[in-house]
Amino acid sequence: MIEKILLAVSGLGHAEEMLKTLKEIPSIQQANVTVLHVVPAQNTAAAMTGKWEEGGKILANAIQTLNLDPSQVSSILRQGEPKDVVCQVADEIDADLIIMGSRGLKRLQSILSNSVSQYVFQLSSRPMLLVKDDIYVKKIRRVMVAIDNSDAAKHCLSLALFLLRDIPGGQLILSNVTTDLRGKTSEVSEISPEKNPTLAAAVAEAQRQGVQARCFTSSGKPGEEICRLAEELNVDLLLLGSPDRRPSVAKSFVDIDRLVGASLSDYVRVNASCPVLLARTVA
């Protein structure tokens, strides 16, 4: 399911560390990687030359850090608006996964600061793995999927099973949150899947692929509960379905209509204590 990975690097190293960890997973080891660095336009030719040289060094350092089989990695250094170029290159190479670093800004902050990861997150229909600057990337053993009846959640389940099926001792954690917008929370409870039809179907699929699964439920505000579950259960990677996507006609406009809204995926990507993989469904 993941054969082509686009790694967008900025020189900070967080996205590179995430890819190195992913490459330890047997199902990912043969994936081809495109490492991208984007050079923003500059006001003078001298400044542009300096940025090109700096970008070349960033790419070279990233590839050296990754230490991948040369036949599996290629690099692209391109000039342009970073948020646009990442989306363009993802389409050009038909990426199965985009990996990016993230400052973990909230939606309004992200838009006002012209956040690249926020823009790509909103507009790409491809799975996207975000690694916040303050996240410690751990060896992937415990993968959590927030489960409901949506197609996006089912896609997340498929991705999680793809990652876990060849990891010795790997564990799938399935979480289902009962929404209580008053903020009244319950204890995190491990349950038998037979008590929850949504979880039961996911466990049955995991068993068919030989993956051990455990089921947990809680109630409260969904974003807060998903983050709480991930932290309490010491999750290494969180997968979340994210069907909310602006139509293509609105791509050039700031997403003002949802600035004051409550986006589950926005909350989780900002507040989760582990890397977050968002699997989109096309609007």
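Report on the accompanying structure. (Residues numbered from 1 in each chain as written. Predicted model: local features only at pLDDT ≥ 70, side-chain atom pairs only at ≥ 80, totals over all residues. Heavy atoms only, no water.)

### Brief notes about the overall build of the protein
Threshold: Helix numbering and strand numbering both begin at the N terminus, where a helix is a DSSP run of H or I of at least 4 residues and a strand a DSSP run of E of at least 2. Using a 1.4 Å probe on the protein chains alone, a residue whose accessible area is under 20% of its type maximum counts as buried, one over 50% counts as exposed, and one in between counts as partly exposed. Throughout, a residue-residue contact means that at least one pair of heavy atoms, one from each residue, lies within 4.5 Å.
Counting secondary structure elements, the protein contains nine helices and 11 strands. Taking all 283 residues of the protein together, 51% fall into the buried category. Across the protein, every contact between residues at least 6 apart in sequence was considered, and the portion connecting residues at least 24 apart equals 81%.

### Focus: the side chain of S124
Here is the rule: Whenever two N or O atoms come within 3.5 Å, that pair is a polar contact, provided that in protein one can donate a hydrogen and the other can accept it, and provided that, for residues adjacent in sequence, both atoms are side-chain atoms.
Locating S124 in the fold gives a position in the loop between α5 (116–123) and β5 (128–132). Only 3.1 Å separates the side chain of S124 from the backbone nitrogen of R126, close enough to count as a polar contact.

### Looking at the packing of helix α8 (residues 222–232) against helix α9 (residues 264–271)
Selection criterion: Helix axes are fitted to C-alpha atoms over the stretch in contact, other axes to C-alpha atoms as well, and angles between N-to-C directions run from 0 to 180 degrees. Note on convention: the crossing is left-handed when the near helix lies turned anticlockwise from the far helix by less than a right angle, right-handed when the turn is clockwise. In this count, Pro and Cys sit with the nonpolar residues alongside Ala, Val, Leu, Ile, Met, Phe, Trp and Tyr, while Asp, Glu, Lys and Arg are called charged and the others, Gly among them, polar.
Where α8 contacts α9, the axes come no closer than 9 Å and their chain directions differ by 35°. The handedness of the crossing between α8 and α9 is right-handed. Contact residues: P222, G223, E224, I226 and C227 in α8; L264, Y267, V268 and N271 in α9. Considering only residue class, the contact of α8 with α9 consists of six nonpolar, two polar and one charged.

### Things to note about the environment of I167
By the secondary structure assignment, I167 is in the loop between α6 (151–164) and β7 (171–179). When its relative accessible area of 7% is taken as the criterion, I167 is described as buried. C-alpha of I167 to C-alpha of R142: the two residues are 25 residues apart in sequence and 10.0 Å apart in space. With near-sequence residues (within four places) excluded, I167 lies in contact with I25, P26, I140 and R141.

### Considering unusual backbone geometry
A negative phi angle is the norm for most residues apart from glycine, just as the trans form is the norm for most peptide bonds. The phi torsion at N67 lies on the positive side, around 50°, for a residue other than glycine. Within the element layout of this structure, N67 appears in the loop between α2 (45–66) and β3 (73–79). One non-glycine residue with positive phi stands out, namely N234, at about 55°. Residue N234 is classed as partly exposed on the basis of its relative accessible area of 45%.

### Structural notes on the environment of L181
Considering the arrangement of structural elements, one finds L181 in the loop between β7 and β8 (189–191). Accessibility expressed as a relative area gives 67% for L181, which makes it exposed. In this structure L181 touches K221 and P222, once residues within four positions along its chain are discounted.

### Some details on the pattern of salt bridges
Operational definition: We count a salt bridge whenever a side-chain nitrogen from Lys or Arg sits within 4 Å of a carboxyl oxygen from Asp or Glu.
Inspection of the entire model under this criterion finds 12 salt bridges. A salt bridge links E92 to R78; the nearest nitrogen and oxygen atoms lie 3.0 Å apart. Of this pair, E92 sits in helix α3 (residues 82–93) while R78 is found in strand β3, placing the two residues 14 residues apart along the sequence. The exposure class assigned to R78 is partly exposed, which follows from its relative accessible area of 25%.

### Comments concerning the sheet that holds strand β2 (residues 32–39)
Condition: Between any two strands, pairing holds if DSSP finds at least two bridges.
With respect to topology, 11 strands assemble into an open sheet ordered β3-β2-β1-β4-β5-β11-β10-β6-β7-β9-β8, the strand pairing being mixed. Here the strands that pair on one side only, and so sit at the sheet edges, are β3 and β8. With strand direction ignored, the average angle separating the axes of adjacent strands in the sheet is 25°. Pairing between β2 and β3: seven bridges, direction parallel. From the neighbouring strand, T34 faces β3, where its bridge partner is S74.

### Focus on the pairing of strand β11 (residues 276–280)
Extensive coverage of β11 is indicated by the burial of five of its five residues. Residue alternation in β11 divides its side chains into two sets, V276, L278 and R280 and L277 and A279, and both sets are buried. Taken together, the five bridges between strand β10 (residues 237–242) and β11 define a ladder with parallel strand orientation. When the bridges of β11 are listed, S242 appears paired with R280.

### With respect to the state of the cysteines
In plain terms, the rule: The disulfide definition used here is simple: a pair of cysteine sulfur atoms within 2.5 Å.
Within the structure shown, the criterion is met by zero disulfides. No disulfide involves C227; its sulfur sits 8.1 Å from that of C274, the nearest cysteine.

### Digging into α6
Rules: One fewer than the residue count of a helix, multiplied by 1.5 Å, yields its expected span.
With 14 residues, α6 extends 20 Å from end C-alpha to end C-alpha; this agrees with the ideal 20 Å at 1.5 Å per step. The element α6 is largely enclosed, with a buried count of 10 among its 14 residues. Buried-residue contacts for α6 involve β6 (142–146), β7, α7 (197–208), β10 and β11.

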